[in-house]
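Structural features, examined
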Amino acid sequence: MIFLENVSKHYSRSKTGLPALKNINLNVGANEFVVLVGSSGAGKSTILKMITREEKPDKGKIIVGGIDYADLRPRHIPFLRRKIGVVFQDFKLLPKRTVFENVAFAMEIAGMTNREIKQSVPKAIELVGLTGKESSFPHQLSGGERQRVSIARSVVRQPKILIADEPTGNLDVRHSWDIVSLLEKINNCGTTVLLTTHNMEIVKKLKRRVIIVDNGQIVFDKRTGSVEIPQQRRGLK
């Protein structure tokens, strides 16, 4: 589903002069739930940008959903991104649009018909537990509810991969676990989930595959159900 081989990336504007990624190798299978951990600047955001094709590697091979990025033409990038849903820490909702309209927006920009929108949006809203809130505006919702809208918008086109980039970063403990449980529910429906977080309590309780990125390299890749995360890698919450 997601395959990176010897991927390296160096930003010319880097203050440290060090590469953002150095010979990264990553293989995530279909329907996996993977937690990507790393401090700010470790390289995890660059990995995500490689997957969504926001950035190109200096070297290395990337294949996502059967698409070899070496053969990817600019006109094909929108098609690729329809296979990938992205959830952000700061929600990125349109403040003057209702819950229904925010979720529908993802289908509108993809050129979906009104009939498709009317069929799919209520299902996505029901999936995230917001039935009855369709006419509400973002400012009328709690932080957890706004994140649910963001998730509904990301999955309404039924992507094969969902990237959740620090989705609990602005939430309290209870709402954080609500969001994590929702991501597990989506994963159980067959979607590959890649979650980034600084919160080690979430990492340990999830008991999923954990990948730790440090200084542009993968330094740990194990399932937490059977192994202990190295003590020196706990410079996180």
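Residues numbered from 1 in each chain as written. Predicted model: local features only at pLDDT ≥ 70, side-chain atom pairs only at ≥ 80, totals over all residues. Heavy atoms only, no water.

1. Describing the packing of aromatic side chains
To keep things clear, this is the line we draw: Two rings from Phe, Tyr or Trp (for Trp, the six-membered ring) form a pair when their centres sit within 6.5 Å of each other. Planes less than 30 degrees apart are called stacked, planes more than 60 degrees apart edge-to-face, and all others tilted. The rule is short: NZ of Lys or CZ of Arg within 6 Å of the ring centre and within 35 degrees of the ring normal puts a charge over the ring.
One pass over the structure, following the stated rule, counts zero aromatic pairs. It is lysine 92 that lies over the ring of phenylalanine 88; its NZ or CZ is 5.1 Å from the centre.

2. Considering the packing of helix H3 (residues 99–108) against helix H4 (residues 114–127)
Rule in force here: Where helices are involved, their axes are fitted lines through C-alpha atoms of the stretch in contact, as for all axes, and angles between N-to-C directions lie from 0 to 180°. A run of H or I in DSSP counts as a helix once it spans at least four residues, and a run of E counts as a strand once it spans at least two, with each numbered from the N terminus. Geometric relationships in this document are graded by angle, where less than 35 degrees denotes roughly parallel, more than 145 denotes roughly antiparallel, 65 to 115 denotes roughly perpendicular, and other angles denote oblique. For a crossing to be left-handed, the near helix must be turned anticlockwise from the far one by less than a right angle; the clockwise case is right-handed. The contact criterion used is simple: two residues touch if any of their non-hydrogen atoms lie within 4.5 Å. Here the term charged refers only to Asp, Glu, Lys and Arg, the term nonpolar to Ala, Val, Leu, Ile, Met, Phe, Trp, Tyr, Cys and Pro, and the term polar to all other amino acids, Gly among them.
H4 packs onto H3 with a crossing angle of 125 degrees between their chain directions and a minimal axis gap of 9 Å. Classified by the interaxial angle, the pair formed by H3 and H4 is oblique. In this structure, the crossing between H3 and H4 has a hand that is right-handed. Contacts between H3 and H4 pair Val99, Phe100, Val103, Ala104, Met107 and Glu108 from the former with Glu116, Ile117, Ser120, Val121, Pro122, Ala124 and Ile125 from the latter. Grouping the constituent residues of the contact of H3 with H4 by class yields ten nonpolar, one polar and two charged.

3. Brief notes about H4
The periodicity of an α-helix, 3.6 residues per turn, causes residues three or four positions apart to be oriented the same way. Just so we agree on the cut-off: One less than the number of residues in a helix, times 1.5 Å, gives the span that helix is expected to have. Categorising residues by exposure relies on relative accessible area from a 1.4 Å probe, with only protein chains included: less than 20% of the type maximum marks a residue as buried, more than 50% marks it as exposed, and the intermediate range marks it as partly exposed.
Taking 1.5 Å of rise per residue, 14 residues should cover 20 Å, and H4 covers 20 Å from first to last C-alpha, within 8% of that figure. Among the residues of H4, those classed as buried are Ile117, Val121, Ala124 and Ile125. Packed against the buried residues of H4 are H3 and helix H5 (143–155). Directly after H4, the chain includes glycine 129, whose backbone phi takes a positive value near 75 degrees.

4. Quick notes on the sheet that holds strand S4 (residues 59–64)
Going by this rule: For two strands to be treated as a pair, DSSP must find at least two bridges joining them.
Across the sheet, which stays open at both edges, the four strands sit in the order S2-S1-S4-S5 with antiparallel pairing between neighbours. Edge positions in the sheet fall to strand S2 (21–28) and strand S5 (67–68), since each of these pairs with one other strand and no more. With five bridges joining them, strand S1 (residues 2–9) and S2 adopt antiparallel strand pairing. The partner of valine 7 across the bridge, within S2, is isoleucine 24. Running at roughly 120 degrees to S1, helix H1 (residues 44–51) makes contact with S1, S2 and S4 of the sheet.

5. Describing the nonpolar core
For the record, the criterion: By convention a nonpolar core is built from buried Ala, Val, Leu, Ile, Met, Phe, Trp, Tyr and Cys residues, the set being connected through side-chain atoms within 4.5 Å.
Of all hydrophobic cores here, the largest spans 40 residues; its most connected members are Val35, Val103, Val121, Ile151, Leu183 and Leu195. Beyond its immediate stretch of four places on either side in the chain, valine 103 contacts Val121, Ala124, Ile125, Val149, Ala152, Arg153 and Val156. Judged by nonpolar contacts, the second largest core, of 27 residues, contains Leu21, Val34, Ala42 and Leu48.

6. Considering the environment of glycine 129
Mapped onto the fold, glycine 129 is located in the loop between H4 and H5. Using a relative accessible area of 55% as the deciding quantity, one classes glycine 129 as exposed. A C-alpha to C-alpha distance of 9.5 Å links glycine 129 and alanine 152, two positions 23 residues apart in sequence.

7. So, unusual backbone geometry
At asparagine 6, a residue that is not glycine, the phi angle is positive and equals roughly 50 degrees. Classification of asparagine 6 as partly exposed rests on a relative accessible area of 37%. Look at asparagine 31: it is not a glycine, yet its phi comes out positive at around 70 degrees. Secondary-structure assignment places asparagine 31 in the loop between S2 and strand S3 (33–37). Looking at asparagine 31, the relative accessible area reads 38%, which means it is partly exposed.

8. A few points about the sheet that holds strand S10 (residues 217–223)
Pairing within the open sheet is mixed, and its six strands lie in the order S6-S7-S8-S3-S9-S10. Looking along the sheet, the strands with just one partner apiece sit at the ends: strand S6 (84–87) and S10. Strand-to-strand, the axes of this sheet are offset by a mean angle of 20 degrees, without reference to chain direction. With six bridges joining them, strand S9 (residues 209–214) and S10 adopt antiparallel strand pairing. Its bridge partner lying in S10, isoleucine 212 is registered against phenylalanine 220. Packed onto the sheet, H5 meets S6 and strand S7 (161–165) and runs at close to 170 degrees relative to S6.

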